[in-house]
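Summary of structural features
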Amino acid sequence: IFPHPSTVANPVKSWKEIKEDVFDMLFKIKNDEYRNKMWPSAYAMAHSQVFPNPKRFFVVNTKNDAIKKMFKDEVIINPEIVAENSEKFTSKEGCMSNPYAGIGKKLRFKSIKVEYLVKGWFFLHRRSEWVWGLKAAIFQHEIDHLNGIC
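Residues numbered from 1 in each chain as written. Predicted model: local features only at pLDDT ≥ 70, side-chain atom pairs only at ≥ 80, totals over all residues. Heavy atoms only, no water.

1. Focus on the pairing of strand 6 (residues 111–119)
Where a strand is regular, its side chains alternate between the two sheet faces. Relative to strand 6, strand 3 (residues 75–84) runs antiparallel, the two being bridged by five bridges. Pairing of Glu80 across the sheet is with Glu115, part of strand 6. In the sheet, strand 6 pairs with strand 7 (residues 124–132) via nine bridges, with the strands oriented antiparallel. Each bridged residue has a counterpart across the sheet, and for Ile112 the counterpart in strand 7 is Val131. Taking the residues that link successive antiparallel strands as the turn, the strand 6-strand 7 hairpin has four residues. (Pairing = 2+ DSSP bridges. Helix = DSSP H or I, 4+ residues; strand = E, 2+ residues; numbered from the N terminus.)

2. Quick notes on the pattern of salt bridges
All told, the structure shown has seven salt bridges when counted by the stated rule. One salt bridge connects Arg127 with Asp73, and the closest N-O pair in it is separated by 2.1 Å. In this pair, Arg127 sits in strand 7 while Asp73 sits in the loop between helix 3 (65–70) and strand 3, placing the two residues 54 residues apart along the sequence. Relative accessible area serves as the criterion here: at 30%, Arg127 is assigned to the partly exposed category. Classification of Asp73 by relative accessible area gives buried; the value is 18%. Here the salt bridges do not stand alone but share partners, grouping Glu93, Arg108 and Asp144 into one network. (Salt bridge = Lys/Arg side-chain N within 4 Å of Asp/Glu carboxyl O. Buried < 20%, exposed > 50% of the residue type's maximum accessible area, 1.4 Å probe, protein only.)

3. Observations concerning the environment of Leu26
Within the secondary structure, Leu26 sits in helix 1 (residues 15–31). A residue is classified by how much of its surface remains accessible, and Leu26, at 11% relative accessible area, is buried. Residues Leu26 and Met45, 19 residues apart in the sequence, show an inter-C-alpha distance of 9.5 Å. Leu26 has contacts with Val59 and Glu74, leaving out every residue within four places of it along the chain. (Contact = heavy atoms within 4.5 Å.)

4. A word on the packing of aromatic side chains
Tallying each qualifying case throughout the model produces four aromatic pairs. An angle of 40° between the planes, with centres 5.5 Å apart, marks the rings of Tyr116 and Phe139 as tilted. In this pair, Tyr116 is assigned in strand 6 and Phe139 in helix 4 (residues 133–146), connecting sequence segments 23 residues apart. Across this residue pair, the class does not change: Tyr116 and Phe139 are buried. Ring pairs connect the aromatic residues Phe58, Phe71, Tyr116 and Phe139, which therefore count as one cluster. It is Lys88 that lies over the ring of Phe109; its NZ or CZ is 4.7 Å from the centre. The side chain of Lys135 reaches across the aromatic face of Phe71, ending 5.0 Å from its centre. (Phe/Tyr/Trp six-rings, centres within 6.5 Å; stacked < 30°, edge-to-face > 60°. Lys NZ or Arg CZ within 6 Å of the ring centre and 35° of its normal.)

5. Some thoughts on the nonpolar core
The biggest cluster of nonpolar side chains holds 18 residues, and the ones touching the most others in it are Phe58, Phe71, Ile76 and Phe139. Broken down by secondary-structure element, the contributors of at least two residues to this core are strand 1 (44–46), strand 2 (57–60), strand 6 and helix 4. A total of five residues in this core trace back to one element, the largest contributor, which is helix 4. Not counting residues within four places of it along the chain, the set of residues in contact with Phe58 comprises Ala44, Met45, Ala46, His47, Phe71, Glu74, Val75, Ile76, Pro79, Phe139, Glu142 and Leu146. With 16 residues, the next largest nonpolar core counts Trp15, Leu26, Val50 and Ile77 among its residues. (Core = buried A, V, L, I, M, F, W, Y, C linked by side-chain atoms within 4.5 Å.)

Structural data, given as structure tokens:
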């Protein structure tokens, strides 16, 4: 994991801009011994956790069947929370930026409305959806990383 994940990520303008980083990031995650031990249990990883000049996207761990069913796309680009339900819950979370801290508790919104981009055939496509529970916690956790919050 990159030693300075507290940097705020820059918005992505095109797939071409991040394509190499996406493949490089997945390669590093799968081939680095330290990360390889963590990745099977991780749900997602923000670009800011791997690269010194982060871009605003995260990759989803498609090796986890439950997460694969939850997310239609492997790469979530420029995610933003645009609305939230006032109800909160305590999410039990681990973090690859600090794996030795173990599982911690974080107060999260139970449901949020997110907007983000995904790769299409020729262009990036905008998606907007309400997510809840674990998926909402994953979005909030990764967006925290992209906003420079560890």
